[in-house]
Amino acid sequence: MTVAKHFILLGQGIAVWVLFWLSGFPSYYQQYSLVTMAIFCTLLSVAISLAALVILLRGRPEKRLHRAAWISFYFTLPLAIIDWLYCGVYLGHGAAFLIRYWYLTLFYFTPWLTFVPTALLLNRPQRVRK
């Protein structure tokens, strides 16, 4: 992957964070009930799964796993750092933000548990049925 593509993925990840932050305004989703957030997280997980299929099917099979890993990286680690700076440092929650904002913590793992296995499944050799 070229350096430019790394910056594009990083920019896309940051743009997603900004949109997610704005849509959770004014309290970064703390104003919603546990049930509402659970439903939202479920629907968002389904959307991420569908996006993984669409994105990974567009590329060449030999590049899928590599692409899935980089997408997972750029949509988790930079976002976790930004959330730590915002929630942990700026809002003053420290490491406790990982529990208070549990729905953020959940999505630090979701791309890794979605994109990489999807790439592996898509690359599995097809069995011919007799």
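Predicted, not measured: the structure shown is a model, and the values here were computed from it.

Moving on: a nonpolar patch on the surface. The grouping of L77, I81, W84, L85 and V89 at the surface amounts to a nonpolar patch, some 470 Å² of accessible area in total. Residue V89 is classed as partly exposed on the basis of its relative accessible area, which comes to 48%.

Moving on, we come to the packing of helix α1 (residues 3-23) against helix α3 (residues 64-74). It is at 9 Å that the axes of α1 and α3 come closest, and there the two elements cross at 45°. Relative to α3, the element α1 lies oblique. You can see that α1 and α3 cross each other, and the crossing is right-handed. Counted together, H6, L9, L10 and G13 of α1 and W70, I71 and Y74 of α3 form the full contact between these two elements. When the residues that make up the contact of α1 with α3 are grouped by side-chain class, the tally is five nonpolar, two polar and no charged.

Over its 14 residues, helix α4 (residues 77-90) runs 18 Å from end to end, which matches the ideal 20 Å to within 8%, given 1.5 Å per residue. The sharpest bend along α4 reaches about 25° and sits at W84. Among all positions in α4, only P78, L79, A80, D83, Y86, C87 and G88 are buried. Packed against the buried residues of α4 are α1, α3, α5 (97-100) and α6 (102-106).

Attention now moves to the pattern of salt bridges. Tallied over the entire structure, the rule returns one salt bridge. Close ionic contact of R60 with E62 constitutes a salt bridge, the shortest N to O distance being 2.8 Å.

What counts and what doesn't
- Residues numbered from 1 in each chain as written.
- Predicted model: local features only at pLDDT ≥ 70, side-chain atom pairs only at ≥ 80, totals over all residues.
- Heavy atoms only, no water.
- Patch = residues over 30% accessible without salt bridge, like charges linked within 9 Å, V, L, I, M, F, W, Y side chains within 5 Å.
- Areas by Shrake-Rupley, 256 points an atom, 1.4 Å probe, with all protein chains shown as cover.
- Salt bridge = Lys/Arg side-chain N within 4 Å of Asp/Glu carboxyl O.
- Buried < 20%, exposed > 50% of the residue type's maximum accessible area, 1.4 Å probe, protein only.
- Axes fitted to C-alpha atoms, helices over the stretch in contact; angles between N-to-C directions.
- Helix = DSSP H or I, 4+ residues; strand = E, 2+ residues; numbered from the N terminus.
- Parallel < 35°, antiparallel > 145°, perpendicular 65-115°, else oblique.
- Left-handed = near helix turned anticlockwise from the far one by under 90°.
- Contact = heavy atoms within 4.5 Å.
- Nonpolar A, V, L, I, M, F, W, Y, C, P; charged D, E, K, R; others polar.
- Expected span 1.5 Å × (residues − 1).
- Bend = angle between axes of the 7 residues up to and from the residue.

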